[in-house]
Amino acid sequence: MTSPTFYSIRMRASAGGRHLSGAERLVTADRVARTAQELIERARGRGIDPDQVQVTVDSLRGLLIKNIQALDLTAFTALDMTQCRSASRQVLQAAGISLVAIENAFMLLDRGPAPSGNTMRGAMIMHAETGERLEPDQERGVRVSRFDWSSEAYAAIDRELTRIGLMHFRTREALSLASKVAHSPGVIAELCWSDDSDYSAGYVSSLSTGYVRFPFMKQSGRTSGGRAFFVKGKGFDRDALLSYLQKEPVIVSGIGSCRQNADLSVLLHNKTINRHV
Ligand code: WAQ
Ligand code: MG
């Protein structure tokens, strides 16, 4: 049986040459038109009206599609930003990221990681020990594309996330992106929070900790945000990583567990055990 051809759909909205929002999907032929329309509507339904919306459709005929399972999700039910930031640092440390790298990532995401001080369209790649930045273009960052939920997994994760009160499309999208990134060659962990002023949630994710969601990673009203992918220093192959993140099609075809948790010690304890095996 031949597998159906998938199409990568990428949306990019800007105003006055400044990046406003973007999105990426991976769908079969019958869903291309509807998805493109959805993304255009999303680009327009925001605070600032874009003066350009670009939608690119690429056929991925002949490319092998990799299937992965979503990371388990833990929603940390903290009350404020201080708690969230402190717990997220602990999760990053448990995933093997050095304090220097962690502080550098927070500093840059707070400030705007591009040299101009703006947020980036893509992610930083950061050395997990030294905190050094390794992405080829520090103004733009690395944009992950060619990933999506399968229809079945989408329905299942929507149900599970709704059950624990997480209904926003951003959570579903971020979980699929983080699942692709966690399966990258060389990435140990990711740190993210939104750059949208009305969305203060973020997460730390890795294969070992799963996706740990924090409701308050920044003060509301702030537009700083972004992503850092922490990589192993030794034997790290940047070209292989860039090619995987930007080009390799990945469908998230199975879901993980979704739960709320106000106490991270269980997660961190399990993690410590795993590391010593
Ligand atoms: N590849 C790499 N970096 C990206 C991508 C991508 N495809 N999309 C966004 N970014 C970077 C970019 O620097 C953005 O400025 C930043 O991430 C934030 O993007 O409820 O909404 O689309 O569990 O605003 C996380 C919490 C929300 C979700 C993330 O990101 C939850 C979010 P946004
Ligand atoms: Mg955004």
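This structure is a prediction, so every number in the text was calculated from the model and none was measured. (Residues numbered from 1 in each chain as written. Chains lettered and ligands numbered in written order. Predicted model: local features only at pLDDT ≥ 70, side-chain atom pairs only at ≥ 80, totals over all residues. Heavy atoms only, no water.)

## Quick word on the overall build of the chain
Now for step 1: A count of helical and extended segments in the chain gives 7 helices and 13 strands.
Now for step 2: For the chain, whose C-alpha radius of gyration is 18 Å, the value lies close to the compact-globule estimate of 19 Å for 277 residues.
Now for step 3: Expressed as lengths along the three principal axes of its C-alpha atoms, the size of the chain is roughly 45 × 45 × 40 Å.
Now for step 4: Counting over 277 residues, the chain shows a buried share of 52%.
Now for step 5: When contacts within the chain are restricted to residue pairs at least 6 apart in sequence, long-range pairs at least 24 apart make up 72% of them.
Now for step 6: When the accessible surface of the chain is summed, it comes to about 13100 Å², and 49% of that surface belongs to carbon and sulfur atoms. (Helix = DSSP H or I, 4+ residues; strand = E, 2+ residues; numbered from the N terminus. Rg over C-alpha atoms; globule rule 2.2 N^0.38 Å. Buried < 20%, exposed > 50% of the residue type's maximum accessible area, 1.4 Å probe, protein only. Contact = heavy atoms within 4.5 Å. Areas by Shrake-Rupley, 256 points an atom, 1.4 Å probe, with all protein chains shown as cover.)

## Quick word on the site of ligand 1
Now for step 1: Not every one of the 25 residues close to ligand 1 is listed here, only the nearest: Arg 170, Thr 171, Asp 195, Tyr 199 and Tyr 211.
Now for step 2: Ala 123 places a main-chain nitrogen or oxygen 3.5 Å from a nitrogen atom of ligand 1.
Now for step 3: In this structure, an oxygen atom belonging to ligand 1 sits 2.6 Å away from a side-chain N or O atom of Thr 171.
Now for step 4: When ligand 1 is considered free in solution it has 700 Å² of accessible area, and contact with the protein chains removes 93% of it.
Now for step 5: Mapped by element, the contributors of at least two residues to the shell around ligand 1 are helix H5 (169-182), strand E8 (187-193), strand E9 (202-206), strand E10 (210-214) and strand E11 (226-231).
Now for step 6: By residue number, the principal contributor to the shell around ligand 1 is H5, which donates 4 residues.
Now for step 7: When grouped by side-chain class, the residues that make up the shell around ligand 1 number 12 nonpolar, 5 polar and 8 charged. (Near = heavy atom within 4 Å. Polar contact = N/O pair within 3.5 Å; in protein donor to acceptor, adjacent residues only side chain to side chain. Nonpolar A, V, L, I, M, F, W, Y, C, P; charged D, E, K, R; others polar.)

## Observations regarding the sheet that holds strand E3 (residues 52-59)
Now for step 1: With antiparallel pairing, 3 strands are arranged side by side in an open sheet as E2-E1-E3. Each edge of the open sheet carries a strand with a single partner, namely strand E2 (18-28) and E3. Strand after strand, the sheet turns through a mean of 15° between neighbouring axes, direction not considered.
Now for step 2: Where strand E1 (residues 6-15) lies against E3, 8 bridges are found, and the strand directions are antiparallel. Within the sheet, the bridge partner assigned to Tyr 7 lies in E3 and is Ser 59. (Pairing = 2+ DSSP bridges. Axes fitted to C-alpha atoms, helices over the stretch in contact; angles between N-to-C directions.)

## Brief notes about the packing of aromatic side chains
Now for step 1: Counting across every chain of the model gives 3 aromatic pairs.
Now for step 2: Taking the centre distance of 4.3 Å and the plane angle of 25° together, the rings of Tyr 203 and Tyr 211 count as stacked. Note on accessibility: Tyr 203 and Tyr 211 belong to one class, buried.
Now for step 3: Positioned above the aromatic ring of Trp 193 is the side chain of Arg 85, whose terminal nitrogen or guanidinium carbon lies 4.7 Å from the ring centre.
Now for step 4: The ring of Tyr 199 is capped by Arg 170, whose NZ or CZ atom sits 5.3 Å from the centre of that ring. (Phe/Tyr/Trp six-rings, centres within 6.5 Å; stacked < 30°, edge-to-face > 60°. Lys NZ or Arg CZ within 6 Å of the ring centre and 35° of its normal.)

## Some thoughts on the coordination of the magnesium ion (ligand 2)
Now for step 1: At 2.2 Å from the magnesium ion (ligand 2) lie its protein donor atoms, namely Asp 195 (OD) and Asp 196 (OD).
Now for step 2: Given a relative accessible area of 27%, Asp 195 falls into the partly exposed group.
Now for step 3: Residue classification places Asp 196 among the buried residues on the basis of a relative accessible area of 11%. (Donors = N, O, S within 2.8 Å, 3.2 Å for Na, K, Ca; no water.)

## Brief notes about the environment of Met 167
Now for step 1: Along the chain, the position of Met 167 falls in the loop between helix H4 (151-163) and H5.
Now for step 2: Accessibility expressed as a relative area gives 52% for Met 167, which makes it exposed.
Now for step 3: The spacing of Met 167 and Val 142 is 25 residues in sequence and 27 Å in space, taken between C-alpha atoms.
Now for step 4: Beyond its immediate sequence surroundings of up to four residues, Met 167 is in contact with Thr 162 and Arg 172.

## Some thoughts on the pattern of salt bridges
Side chains bearing opposite charge may pair, as long as their charged atoms lie close to each other.
Now for step 1: Scanning the model with the defined rule gives 12 salt bridges in all.
Now for step 2: Here Arg 143 ties to Glu 24 by a salt bridge, and the two come within 2.7 Å at their closest N and O atoms. Highlighted residues: Arg 143 in the loop between strand E6 (124-127) and strand E7 (147-149) and Glu 24 in strand E2, separated in sequence by 119 residues.
Now for step 3: Glu 24 gets classed as buried once you look at its relative accessible area, which sits at 11%.
Now for step 4: Asp 148 is the salt-bridge partner of Arg 25, the closest N and O atoms lying 2.7 Å from each other. You can see Arg 25 sitting in strand E2 and its partner Asp 148 sitting in strand E7, a full 123 residues away along the chain.
Now for step 5: For Arg 25, a relative accessible area of 14% translates into the label buried. (Salt bridge = Lys/Arg side-chain N within 4 Å of Asp/Glu carboxyl O.)

## Observations regarding the packing of H4 against H5
Now for step 1: Running from amino to carboxyl end, H4 crosses H5 at an angle of 125°, the nearest separation of the two axes being 11 Å. When the axes of H4 and H5 are compared, the pair comes out oblique. For H4 against H5, the interelement crossing comes out right-handed. Across from Tyr 154, Ile 157, Asp 158 and Leu 161 in H4, the residues of H5 making contact are Thr 171, Arg 172 and Leu 175.
Now for step 2: The class makeup of the residues in the contact of H4 with H5 is 4 nonpolar, 1 polar and 2 charged. (Parallel < 35°, antiparallel > 145°, perpendicular 65-115°, else oblique. Left-handed = near helix turned anticlockwise from the far one by under 90°.)

Any link to function would need more than the numbers given here.
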